[in-house]
Amino acid sequence: MAATAARRKEATFTINGKEYKVDENIPVNTSLNTFIRNYAKLTGTKAMCLEGGCGACVVTVWHQDPVTKQKAPIAVNSCLFPVLACDGLAVTTIEGIGNKLDGYHRLQTRIMQLNATQCGFCTPGMVMNMYSLLEKGHLTMKEVENSFGGSICRCTGYRPILDAFKSFSSDVPEDLKKRCEDIEELYKIKICEKSGQPCSGKCGDSVKCDKLGSTLLHIEASEGEWFAASSISDILSIFDAIGDKTYMLVAGNTARGVYHRVNEPQVFININSVSELRSHSVGEEIILGANVTLTEAMELFYKLAKEQPKKFAYTKVLADHIDLIANVPVRNTGTIAGNLTIKYEHNEFPSDVFLILETAGATLTVVDKDNKEEVVTLPAYLNLNMKKKVLKNVKLPSLDESFRVGSFKIMPRAQNAHAYVNAGFRFKINSQGSGRTLAGKPTVVFGGINPSFLHASKTEEYLKDKNVLDQAVLQGALKQLEGELVPDHVLPDATPEYRKGLAKALLYKFIISLAPDSVKKNVKSGGPVLHRPVSSGKQEFETDKKEWPLNQPIPKVEALVQASGEAKYVNDAPHLPGELYAAFVLSSVGPATVEKINATDALNLPGVVAFYKAEDIPGKNAFTPPLAGLDEEEQILSPGNVKFAGEALGIVVAETQDIAVRASKLVKVDYKDVKKPVLTIREVLSSGDKSRIADKGKIDPTDPKAKSEAKHVIKGNFDIGGQYHFTMETQSCVCIPIEDGMDVYSATQWMDLTQFAISQALGIPENSINVYVRRLGGAYGAKISRATHVATACALAAYKLNRPVRMVLSIEDNMKSMGKRFSCVIDYEVGVDDNGVIKYMEATLYENAGYVFNESVVGFTIHHFVSCYDQSTWSVKARSVRTDLPSNTYCRAPGSTEGIVFIENIMEHIAKTLNKDPIQVRMNNLKKDSPIQKLTEELKQSSSYDERVLTIEEFNKENLWKKRGIAFVPMEYPFGFWGNFHAIVSIYAGDGTVAVAHGGIECGQGINTKVTQVCAHILGISLDLVSVKPSNNLTAPNGMVTGGSIASEACSYATMMACKELLKRLEPVKKTMDHPTWQQLIAEAYKQNVDLCATYMFTNKDDVKNYSIYGVTVAELEVDILTGQQQILRVDLIEDCGISLSPEIDVGQIEGAFVMGLGYYLIENLVYHPNNGELLTNRTWNYKTPGAKDIPIDFRIQFRRNAPNPTGVLRSKATGEPPLCMSCVVLFALRNALDSARKNAGKSEKWYKFDAPATTENIFLTGLPKADRYIL
Ligand SMILES: Cc1cc2nc3c(=O)[nH]c(=O)nc-3n(C[C@H](O)[C@H](O)[C@H](O)COP(=O)(O)OP(=O)(O)OC[C@H]3O[C@@H](n4cnc5c(N)ncnc54)[C@H](O)[C@@H]3O)c2cc1C
Ligand code: FES
Ligand code: FES
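Residues numbered from 1 in each chain as written. Chains lettered and ligands numbered in written order. Predicted model: local features only at pLDDT ≥ 70, side-chain atom pairs only at ≥ 80, totals over all residues. Heavy atoms only, no water.

Things to note about the site of ligand 1
The environment of ligand 1 is formed by 38 residues, the closest being Asn253, Thr254, Thr335, Asp352 and Lys409. One of the side-chain N or O atoms of Asn339 is found 2.9 Å from an oxygen atom in ligand 1. Interatomic distance of 2.8 Å between a backbone N/O atom of Leu391 and a nitrogen atom of ligand 1. Contact with the protein chains covers 95% of the free accessible surface of ligand 1, which is 980 Å². Among the elements that make up the shell around ligand 1, the one with the highest residue count is helix H15 (residues 336–345) (6 residues). In the shell around ligand 1, the residues fall into 19 nonpolar, 14 polar and 5 charged. (Near = heavy atom within 4 Å. Polar contact = N/O pair within 3.5 Å; in protein donor to acceptor, adjacent residues only side chain to side chain. Areas by Shrake-Rupley, 256 points an atom, 1.4 Å probe, with all protein chains shown as cover. Helix = DSSP H or I, 4+ residues; strand = E, 2+ residues; numbered from the N terminus. Nonpolar A, V, L, I, M, F, W, Y, C, P; charged D, E, K, R; others polar.)

Right under this line is the structure:
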């Protein structure tokens, strides 16, 4: 067969300079990520979403341009890039750029220096994304900031990561530069062999893979074939050779990040070396090879717009639009043809590439199997039969200055999201007329409306030869649009109402932008979308050198190993011989009864070893032993009475992760008695079903008589949604049977619960279970009880098979099966006096518990609802509501977040109703002698609040379609100590170094850093003598969960006490010596048989008392009323940290928590199928957390000054959760902005319902941009 003759049977490439060969023994669809982690055993590169949406897997590929033959490093999502596509390429992973042995890369030390890691799971991907960018040379801060849309960090709030990377930019500000100076001398920096300088990432020094001959590849493995094609005719000959086999052309292989492939094709044809598909030429038109990558196309378009503006000025619009597609690594490998094929196969896909090419009037050249070429328009392409055809190129015309081209993409966050609606406009202006009249018919195209909608043909026809800047014409066009736009409604997409409104608004925006100076002054700013400058941050805190190393601003002690990928997480444990992989089989509906489960197909899949159901559990079928708050039993595997969609019904165990996941989908489940699920609190309340509601606490008024003084009665309600924790490390566990039981490596926040639950489920003694936790890749409460579910399931499989088993949930299974933050609602009525002081309150808070009342947080909600206010007149009830969802669980600042937003919503409501200053209303309701009064004055001053209020008023008067709002929120966060936390401190006699193990869990919050500082401080030694070891249940038995911001404090206390005990033991020895050094003292103590190991268990009976944490925040934001998009202009936040144990760590906690709250209030939206309860937003594709360009543009953090905590640990206060509670401030700032828009719309009501999340859609619909008000 010509196509297969003389082709190599083995792919060759390098990883970090080492050569690897891949042949038919590895599945042909193996991703580069799987190869790097499982075959090359380099675990620094992480993985999470496996769909190009999180950036955890980014590596650098030294890619060779098939046309110019030049090599350049590009960031690539290794989860999508096939390993066989690496043939002839060089790959660099995080280990390759720097490590303990060879020295670190400056990117790695910079990340550490600027305290840019918390859990560290995202860090290797972040570093590699930046490493690939460094090659560009003169990077500006703006370019750096723009390049991280695809790299998600849930912990840090991005600011320190951006600072670390901006420090490499050509326009780095002096103060940032200074902060980075000298640091390199402290660490061994990897030196480039060629230049003798620290690696700059520019020369590709790790590229050693030039050995390949020219023959291309053909690998025939049992499950599929892989070809590499050299030319279009080669592709055609391969088509010929493969007969009827299913195939795909592999370019970037990123399309499967959008639509997951259900069935893999039989043949993969790599076309990346086909130069005809990768080249371009420019003459009167631009001819772009169809497989030019999006990055290449973008760069070319920018270049042409600059160099040939007369013909191609419009390509800047296309380039700007491509910049909003996906993210840098996806654009680096994803191609134009690949994108167009998605649109071809899935007409509903709101393809940006298709949209902009059609806007430009491009055509496509298609080659058929007989090598015949056909030129078609884009709409015509959608109707072609593309079987065994190749998209050869795209032709874009030149457009002279008479053309005005514009496009928009409106999405749920600033970057890395697909469009709600995208729009493209091409208007030819009649050069003879006033410059406002169109010559002929314009192009008006929209995506995101329905699968068949593209051209607004009636509107195009209507606008033909008309003066588009005429008010009547504009209204006429909008009327046409109104008639022809018929959006579908497919959940979880936005409502038709929004998408239609948006499409009309985008036409209006474009028309304004045609002549911004000739429209009314207050309309002009409606033209452009929001402009975001480069963000910056400021962190102010006091530090007392006399106390150092306590209170010393040091980076996280593990930051460097995290930045180099040397830090190990559960899934990084070495694979043991015989190890297996487990995956859940989840119910697709609920509530229901399982009639039959048939796992035959799954068990027949080669590599599948076992399938387990509830009856296979030898002990108790529950992962919720009766410990704190877990009053109702939750089953590991449902015995058949399915309570919710996403409940685990079985476990498949297989030889590889891929097989386990694939097999889990082959298990057939028949259901009966399928009921329509009850999903929301409001549904339960309106059904009147009391059995679903439980009372969980109340506040009674101590001053009920005050009610008679009420002059105004205010009633309202407020609803907020749930939130997925979005840990970058999903639920993970590795269980290894050992001679006397089982070693359990679980990503858990609660070792004791894990141990207890496994013991109970397997019916084996607790002392046979050894739980180890080095660190978690994010937790935020998700890994308290829910981690135990995965641990018991994994332990079951390991126990039954007596083989090591690894269970790492996919993001979809993680999202579907696990509970999340409780959605909550409040109904309230308050009576107030003329000053807004509450004279009575009747309020009921409800939480959506999911299917059981476990882990109820509404008790915390009511507790925190009081915040800093006088509650003497309040009557409040807290209720938990049972729905048909997974059992909701603690999520960072559980209950407190909701409590504070509820009371602050009431304060705003009072202020608005009485027309009073919202800050004054709050001050009027404060508890007596609250420190909030003083903090508020300080913040008002430092944030220039009063001046800004006036400036905003002016701004809003002058702008109809851009609005600004500012708001203030105070917080008192009552903090309580509870639980048992151990610390064990051992001093080694040989060199005096110290090891500590504690009962807390390092999940990114910096507990190990604080413990290190406390230990060094108490023992009077330097930090580098102290090392914190992984946590385990031998040295920390019967411990409490790491949660509620408490563990850092408690473990620091336990460490302090253990150290004090050691000092006590050392004291008599020291007295016999003359000013010994630490090492001399320890050596002598050893000789004298002093026990150099001490333990201590912290409890709330220790010398600490509960205390309150105070904070105040001001936020200002800007809204585009015509799109619903917002950006946070500035945040000023004062947080009370007492005397911080570790200021940099606490800054990180504050920023990270606040940004997680921004996601909760503004972006994150959980959408369930109303009929079967399935979570529809279960991927990075449709569940969006904040990205690097969603954070405040100006983010200023201050610690409260001179406020030592007399009752906490070493005068400090906890910081992990409280700052999240203040992030609700953005909701009120938004409301203030929207007030102005609604007033313009003729709505003069003082209050309206505005729930959270305030998504782009919610904002748009509340801002009331009705088309009949679109004026010019
Ligand atoms: C996280 C993420 C976010 C994204 N966001 C957006 C977005 O916001 N907007 C948007 O528009 N897109 C978005 N995309 C889609 C992205 O642009 C496409 O995945 C990419 O362009 C596909 O190109 P590829 O080279 O990787 O295609 P591949 O995955 O390699 O191939 C896809 C298909 O195209 C076919 N094909 C490839 N080349 C040819 C050819 N020359 N002739 C005929 N058939 C061919 C293949 O046979 C295959 O069926 C996103 C993707 C991801 C992963
Ligand atoms: S794992 Fe590759 S982008 Fe998320
Ligand atoms: S540090 Fe970025 S996800 Fe945890």
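Description of the pattern of salt bridges
Applying the stated rule across the entire model yields 77 salt bridges. A salt bridge links Asp695 to Arg879; its shortest N-O distance comes to 2.7 Å. Residue Asp695 is found in strand E25 (residues 693–699), and its partner Arg879 is found in strand E33 (residues 874–882); the two are separated by 184 residues along the sequence. A residue is classified by how much of its surface remains accessible, and Asp695, at 61% relative accessible area, is exposed. Where Arg922 meets Glu908, a salt bridge forms, and the shortest distance between an N and an O atom there is 2.8 Å. Taken together, the residues span a long stretch of sequence, with Arg922 in helix H30 (residues 918–924) and Glu908 in helix H29 (residues 896–914) at a distance of 14 residues. Here the salt bridges share partners, and the residues they tie into one network are Arg682, Asp719, Asp827, Lys1249 and Asp1251. (Salt bridge = Lys/Arg side-chain N within 4 Å of Asp/Glu carboxyl O. Buried < 20%, exposed > 50% of the residue type's maximum accessible area, 1.4 Å probe, protein only.)

Points about the packing of helix H13 (residues 315–322) against helix H16 (residues 352–360)
Geometry of a packed helix pair, given as the angle between the helix axes and the separation of the axes. H16 packs onto H13 with a crossing angle of 170° between their chain directions and a minimal axis gap of 10 Å. Looking at the two axes, H13 sits roughly antiparallel to H16. Here Leu318, His321 and Ile322 of H13 lie close against H16, whose contacting residues are Asp352, Leu355, Ile356 and Ala360. Split by residue class, the contact of H13 with H16 holds 5 nonpolar, 1 polar and 1 charged. (Axes fitted to C-alpha atoms, helices over the stretch in contact; angles between N-to-C directions. Parallel < 35°, antiparallel > 145°, perpendicular 65-115°, else oblique. Contact = heavy atoms within 4.5 Å.)

Some remarks on the sheet that holds strand E5 (residues 90–92)
The strand order E2-E1-E5-E3-E4 describes an open sheet built from 5 strands, whose pairing is mixed. Sheet topology places strand E2 (18–22) and strand E4 (71–77) at the edges, where each strand pairs with a single neighbour. On average, each strand axis in the sheet is tilted by 30° relative to the strand beside it, whichever way the strands run. With 7 bridges joining them, strand E3 (residues 58–64) and E4 adopt antiparallel strand pairing. By the bridge assignment, Thr60 is partnered in E4 with Ala75. Along the sheet, helix H4 (residues 123–134) makes contact with E3, E4 and E5, crossing E3 at roughly 25°. (Pairing = 2+ DSSP bridges.)

A look at helix H31 (residues 932–942)
Every buried residue belonging to H31 is among Ile932, Leu935, Thr936 and Leu939, and all of these are buried. The buried side chains of H31 occupy one side of the element, clustering within an arc of 100° when seen end-on. Away from its buried face, by an angle of more than 90 degrees, H31 presents the exposed residues Lys934 and Gln941. If you follow the buried residues of H31, they end up packed against H30, strand E34 (962–975), strand E40 (1107–1120) and strand E41 (1126–1135). One or two positions beyond H31, positive phi appears at Ser944, with a value near 50°. (Arc of directions from axis to C-beta.)

Remarks on the UniProt feature "domain: FAD-binding PCMH-type" (unreviewed entry) in the chain
Mapped onto the present numbering, the UniProt feature "domain: FAD-binding PCMH-type" (unreviewed entry) falls at residues 219–401. As annotated, residues 219–401 has a helix share of 38% and a strand share of 23%, and its two end C-alpha atoms lie 52 Å apart. (UniProt positions renumbered as here; feature names shortened; annotations may be inferred.)

A few points about the UniProt feature "binding site: FAD" (unreviewed entry) in the chain
Per the UniProt record, "binding site: FAD" (unreviewed entry) is annotated on Leu391 and Lys409. These residues run over 19 residues, and the two farthest C-alpha atoms among them are 25.4 Å apart, placing them at more than one spot. Position of Leu391 relative to the elements: it lies in strand E14 (residues 390–397). Discounting chain neighbours no more than four positions away, the residues touching Leu391 are Leu277, Ala290, Ala337, Leu340, Thr341, Leu364, Thr365, Val366, Tyr381 and Met386. Taking relative accessible area as the criterion, Lys409 reaches 5% and is therefore assigned buried.

Some thoughts on the pairing of E2
For strand E1 (residues 11–15) and E2, the ladder comprises 5 bridges, and the chain directions are antiparallel. Bridge pairing in E2 places Phe13 opposite Tyr20. Between the antiparallel neighbours E1 and E2 lie 2 residues, among them Asn16 with a positive phi of about 50°.

Re the environment of Ser351
Mapped onto the elements, Ser351 comes out in the loop between H15 and H16. For Ser351, a relative accessible area of 4% corresponds to the buried category. Separated by 70 residues in sequence, Ser351 and Val421 place their C-alpha atoms 10.0 Å apart. Once residues lying within four places of it in the same chain are set aside, the contact partners of Ser351 are Asn339, Lys343 and Asn422.

Re the packing of aromatic side chains
Enumeration according to the criterion identifies 37 aromatic pairs in this entry. The interplanar angle of 10° and the centroid separation of 5.4 Å between the aromatic rings of Phe35 and Tyr39 together place this pair among those described as stacked. Within this pair, Phe35 and its partner Tyr39 are both found in helix H1 (residues 32–39), separated by 4 residues, close to a single helical turn. Since its relative accessible area comes to 39%, Tyr39 is described here as partly exposed. Plain terms: the ring middles of Tyr508 and Trp961 are 5.9 Å apart, the flat faces sit at 85° to each other, and that makes the pair edge-to-face. One end of the pair, Tyr508, is in helix H20 (residues 496–514); the other, Trp961, is in the loop between helix H32 (945–958) and E34, and 453 residues separate them in sequence. Taking the relative accessible area as the measure of exposure, Tyr508 reaches 0% and is therefore buried. Through successive ring pairs, a cluster of aromatic residues spans Phe975, Phe977, Tyr1053, Tyr1096, Phe1098 and Tyr1107. (Phe/Tyr/Trp six-rings, centres within 6.5 Å; stacked < 30°, edge-to-face > 60°.)

Here's the deal with the packing of H15 against H16
Running from N to C, H15 and H16 cross one another at 100°; their axes reach a closest spacing of 8 Å. When the axes of H15 and H16 are compared, the pair comes out roughly perpendicular. Within the contact between the two elements, H15 uses Ile336, Asn339, Leu340 and Lys343 and H16 uses Val353, Phe354 and Leu357. Across the contact of H15 with H16, the residue classes tally to 5 nonpolar, 1 polar and 1 charged.

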